[in-house]
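A structural walkthrough
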Amino acid sequence: MFYINLYNQTIFYLPVTKSQFNPLDTTEHEYAYGYKLTFEAEPHFDYSFSDKVSVSVGVPVTFTMGPQLEIDGAPSATNPEYYILSASPSASVFVMAFMPFELKAGYTLPILGKNANAASTLVFQLKTFLKF
């Protein structure tokens, strides 16, 4: 009924050579985006009321970070390093009816961060499934 889900995603970006968007300046520059790291730990609880109805509750805590953009080997002043820590509690109900469906509600709350978009989000989802 209770478990902890651990997750990691590591993305490495290869350097790219491209010109700026200015038509008067066609000089090519090398952009090194570096990497993006994501770590998540989610305590999760599942409970089945019957064969046809189950409830699920989870609170994933996510930490995402990335380095400063480098242009031609020099740090970019406009794209500094970033990180954000957020919690996203959610609850869902799965019903096995004539057409199975899942109703889910979740909220994302940014806790702390630096140079990142910190937006709270409220999400409602209705998923329907075909039964074969």
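Shown above is the structure to which this text applies.
Everything numeric in this text was worked out from a predicted model, so none of it was measured.

Parameters at a glance
- Residues numbered from 1 in each chain as written.
- Predicted model: local features only at pLDDT ≥ 70, side-chain atom pairs only at ≥ 80, totals over all residues.
- Heavy atoms only, no water.
- Helix = DSSP H or I, 4+ residues; strand = E, 2+ residues; numbered from the N terminus.
- Rg over C-alpha atoms; globule rule 2.2 N^0.38 Å.
- Buried < 20%, exposed > 50% of the residue type's maximum accessible area, 1.4 Å probe, protein only.
- Contact = heavy atoms within 4.5 Å.
- Lys, Arg positive; Asp, Glu negative; His and termini not counted.
- Charge placed at Lys NZ, Arg CZ, Asp CG, Glu CD.
- Pairing = 2+ DSSP bridges.
- Salt bridge = Lys/Arg side-chain N within 4 Å of Asp/Glu carboxyl O.
- Polar contact = N/O pair within 3.5 Å; in protein donor to acceptor, adjacent residues only side chain to side chain.
- Phe/Tyr/Trp six-rings, centres within 6.5 Å; stacked < 30°, edge-to-face > 60°.
- Lys NZ or Arg CZ within 6 Å of the ring centre and 35° of its normal.
- Patch = residues over 30% accessible without salt bridge, like charges linked within 9 Å, V, L, I, M, F, W, Y side chains within 5 Å.
- Areas by Shrake-Rupley, 256 points an atom, 1.4 Å probe, with all protein chains shown as cover.

**Observations concerning the overall build of the chain**
Across its full length, the chain holds 0 helices and 12 strands. Written out in order from the N terminus, the α and β elements of the chain read β-β-β-β-β-β-β-β-β-β-β-β. Whereas a compact globule of 132 residues would reach a radius of gyration of roughly 14 Å, the chain reaches 21 Å, over 25% beyond that. Considering the chain as a whole, with its 132 residues, one finds that 18% of them fall into the buried category. In the chain, 49% of the contacts between residues at least 6 apart in sequence involve partners at least 24 apart. If the 7 positive side-chain charges of the chain are averaged to one point and the 11 negative ones to another, these points end up 14 Å apart.

**As for the sheet that holds strand 7 (residues 70–71)**
If you trace the 4 strands from one edge of the open sheet to the other, you get 2-3-7-8, paired in antiparallel fashion. Strands with a single pairing partner mark the edges of an open sheet, and in this sheet they are strand 2 (16–19) and strand 8 (74–75). Bridging between strand 2 and strand 3 (residues 28–32) involves 4 bridges; their strand directions are antiparallel. If you follow Thr17 over to strand 3, its bridge partner there is Glu30.

**Examining the side chain of Glu42**
One can find Glu42 in strand 4 (residues 35–48). At 6.7 Å, Lys104 is the nearest oppositely charged side chain to Glu42, a buried residue that forms no salt bridge. Here the side chain of Glu42 touches His44 through a polar contact of 3.1 Å, side chain to side chain. Not counting the four nearest positions on each side in its chain, Glu42 is found in contact with Tyr3, Ile4, Asn5, Gly58, Val59 and Pro60.

**Here's the deal with the packing of aromatic side chains**
Tallying each qualifying case throughout the model produces 4 aromatic pairs. Ring geometry for Tyr31 against Tyr33: centres 6.4 Å apart, planes inclined by 15°, an arrangement best described as stacked. Judged by relative accessible area, Tyr31 falls into the buried class, the value being 11%. In this structure, Lys18 is placed above the aromatic ring of Tyr31, and the distance from its NZ or CZ to the ring centre is 5.0 Å.

**Focus on a nonpolar patch on the surface**
On the surface, Met1, Phe2, Ile4, Leu6, Phe45, Tyr47, Phe49 and Val57 cluster together to form a nonpolar patch covering roughly 880 Å² of accessible area. For the nonpolar patch, the elements supplying multiple residues, two or more each, are strand 1 (2–12) and strand 4. When residues in the nonpolar patch are grouped by element, the largest group, 3 residues, is from strand 1. Within the secondary structure, Phe45 is located in strand 4.

**Some remarks on the environment of Lys104**
Relative to the assigned elements, Lys104 resides in strand 11 (residues 101–114). A C-alpha to C-alpha distance of 24 Å links Lys104 and Asn8, two positions 96 residues apart in sequence. The residues contacting Lys104, other than those within four sequence positions of it, are Ser90, Ala91, Ser92, Val123, Phe124 and Gln125.

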